[in-house]
Amino acid sequence: AQSVTQLGSHVSVSEGALVLLRCNYSSSVPPYLFWYVQYPNQGLQLLLKYTSAATLVKGINGFEAEFKKSETSFHLTKPSAHMSDAAEYFCAVKEGTGRRALTFGSGTRLQVQP
Amino acid sequence: DAGVIQSPRHEVTEMGQEVTLRCKPISGHDYLFWYRQTMMRGLELLIYFNNNVPIDDSGMPEDRFSAKMPNASFSTLKIQPSEPRDSAVYFCASSSTGVGSPLHFGNGTRLTVT
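What counts, and where the lines are drawn
Residues numbered from 1 in each chain as written. Chains lettered and ligands numbered in written order. Predicted model: local features only at pLDDT ≥ 70, side-chain atom pairs only at ≥ 80, totals over all residues. Heavy atoms only, no water. Contact = heavy atoms within 4.5 Å. Buried area = accessible area lost by both parts, 1.4 Å probe. Salt bridge = Lys/Arg side-chain N within 4 Å of Asp/Glu carboxyl O. Polar contact = N/O pair within 3.5 Å; in protein donor to acceptor, adjacent residues only side chain to side chain. Helix = DSSP H or I, 4+ residues; strand = E, 2+ residues; numbered from the N terminus. Pairing = 2+ DSSP bridges. Axes fitted to C-alpha atoms, helices over the stretch in contact; angles between N-to-C directions.

Participant: Would you explain the interface of chain B and chain A in this entry?
Facilitator: Interface size, as often reported, equals the accessible area lost upon joining of the parts. Of the residues lining the interface, 22 residues belong to chain B; the matching set on chain A comes to 20 residues. Taken together, the two surfaces of chain B and chain A that pack against each other cover about 1,700 Å², and 53% of this comes from carbon and sulfur. Ranking the residues of chain B by area buried against chain A places L43(B), V99(B) and F105(B) at the top, with a combined share of 30%. Where chain B meets chain A, there are 1 salt bridge. Here D56(B) ties to R99(A) by a salt bridge, and the two come within 2.4 Å at their closest N and O atoms. Where chain B packs against chain A, one counts 10 residue pairs in polar contact (both at pLDDT 80 or more). Taken together, the elements giving at least two residues each to the side of chain B that touches chain A come down to β4 (31-38) and β5 (42-50) of chain B.

Written as structure tokens, this is what we have:
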């Protein structure tokens, strides 16, 4: 069975500081991995996805994530936080089999301090 | 493209009443998913369809919940009778055929059962 663990339910950074949101996955087969962002009262928006091409994946809004198989990790980073990055971020996994649903982590709420 | 469209955005009802949530997926997408989001349980998959056929409904809480997809452009999630513990945000999402395809989410329906 697949699962996702997001370390840290809340992360606070200063504007301009590095953002690092952690995600570890468990999957019995090579996975597909995703990061989504959710702003208040909105749906989930895709930030980026890993589908076994490059291990370093670039997404929207300056975010990127690196797939590390040896660590079963897919951490999300951004070099310089902006106030508009304040939101909740979800890591999700889909096994590379017939099952098409995503399994989500519990989410990390990012606060950006001025 | 208009994206995934859900209605209503907000629903307030009394315990025991029937509630129907509606979803229009992105045109051309052949997978449709219903998720529920709560503070306690996070994002949970309720059911998903492929080409209008239910594939996995193991997440449907109990017989009070039912979902249908009568055609490729419309799905409903019905709760009858509703209970206060059903209060949550219900999301519909759709995706295309590729196994690594991401899910595209609607803005959700916030259900409050009093």
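Okay, back to it.
Participant: For this particular structure, what's the right way to read the sheet that holds strand β3 (residues 19-24) of chain B?
Facilitator: Within a sheet, adjacent strands bond to each other through the backbone by hydrogen bonds, running parallel or antiparallel. All names here are of chain B. On the basis of which strands lie adjacent, the open sheet formed by 4 strands has the order β1-β3-β8-β7 and antiparallel pairing. Two strands close off the open sheet at either side, each with one partner strand: β1 (5-7) and β7 (65-71). The sheet shows a mean angle of 15° between the axes of neighbouring strands, taken without regard to direction.

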